[in-house]
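Residue strings, one per chain:
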Amino acid sequence: MAPEGIHARPATTLIRLTKKFKSVVSLKKGDSLIRLNSMLNILALGAKGGDSITVIIEGEDEAEAAVAIDGFFAEELKNL
């Protein structure tokens, strides 16, 4: 993650990715839990580089969503 956090381009890409799945995708940082469906939610989370966040995926296609989201954080994020 960039030192300043997830900025607009990767946030938009991540939201588009999660909308491909029926499962509900959420991010958790500390006591804050947001649904990963809008830019405002991501900005409200306030995640910065070095922060530990947890991805929570619940639904019928959660395994496929987990693979895609893991790939986003492992590979795509560094190119955005």
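First things first, this report covers the structure right here in the doc. Throughout this document, residue positions are counted from 1 along each chain, in the order its sequence is written. Local features in this predicted model are restricted to residues whose pLDDT is 70 or higher, and side-chain atom pairs enter the listing and the counts only when it is 80 or higher, whereas totals over whole chains, interfaces and linings include all residues. Think of the side-chain values as coming from all heavy atoms in the structure, minus any hydrogens and water.

### Looking at the packing of helix 1 (residues 8–18) against helix 3 (residues 62–76)
Here is step 1 of the chain: Lines fitted to C-alpha atoms define the axes here, with helix axes fitted over just the stretch in contact, and angles between the N-to-C directions of these axes take values from 0 to 180 degrees. Here a helix means four or more residues in a row that DSSP labels H or I, a strand means two or more in a row labelled E, and each is numbered from the N terminus. Two elements in contact, helix 1 and helix 3, have axes separated by 10 Å at closest approach and are oriented at 160 degrees. The orientation of helix 1 with respect to helix 3, classified from their angle, is roughly antiparallel. Helix 1 and helix 3 meet at a crossing whose hand is right-handed. When helix 1 is examined against helix 3, the residues P10, T13, L14, L17 and T18 are found in contact with a partner set consisting of A68, I69, F72, F73 and E76.
Here is step 2 of the chain: In this classification, the charged set is Asp, Glu, Lys and Arg, the nonpolar set is Ala, Val, Leu, Ile, Met, Phe, Trp, Tyr, Cys and Pro, and all remaining amino acids, among them Gly, are polar. Across the contact of helix 1 with helix 3, the residue classes tally to 7 nonpolar, 2 polar and 1 charged. Should an angle lie under 35 degrees it is considered roughly parallel, over 145 roughly antiparallel, and from 65 to 115 roughly perpendicular; all remaining angles are considered oblique. Two helices crossing with the near one rotated counterclockwise from the far one by less than a right angle form a left-handed crossing, whereas a clockwise rotation gives a right-handed crossing. Contacts are assigned to residue pairs that have any heavy atoms within 4.5 Å of one another.

### Thoughts on the sheet that holds strand 1 (residues 24–29)
Within a sheet, adjacent strands bond to each other through the backbone by hydrogen bonds, running parallel or antiparallel.
Here is step 1 of the chain: With antiparallel pairing, 3 strands are arranged side by side in an open sheet as 2-1-3. Edge positions in the open sheet fall to strand 2 (32–35) and strand 3 (54–58), since each of these has one partner strand only. When strand polarity is set aside, the average angle formed by the axes of neighbouring strands in this sheet is 25 degrees.
Here is step 2 of the chain: Strands qualify as paired when DSSP identifies two bridges or more between them. Two elements, strand 1 and strand 2, share 4 bridges in a ladder whose sense is antiparallel. Across the sheet, L27 pairs through a bridge with I34, a residue of strand 2.
Here is step 3 of the chain: The strands that helix 3 touches are strand 1 and strand 3; relative to strand 3, the one it contacts most, it runs at about 155 degrees.

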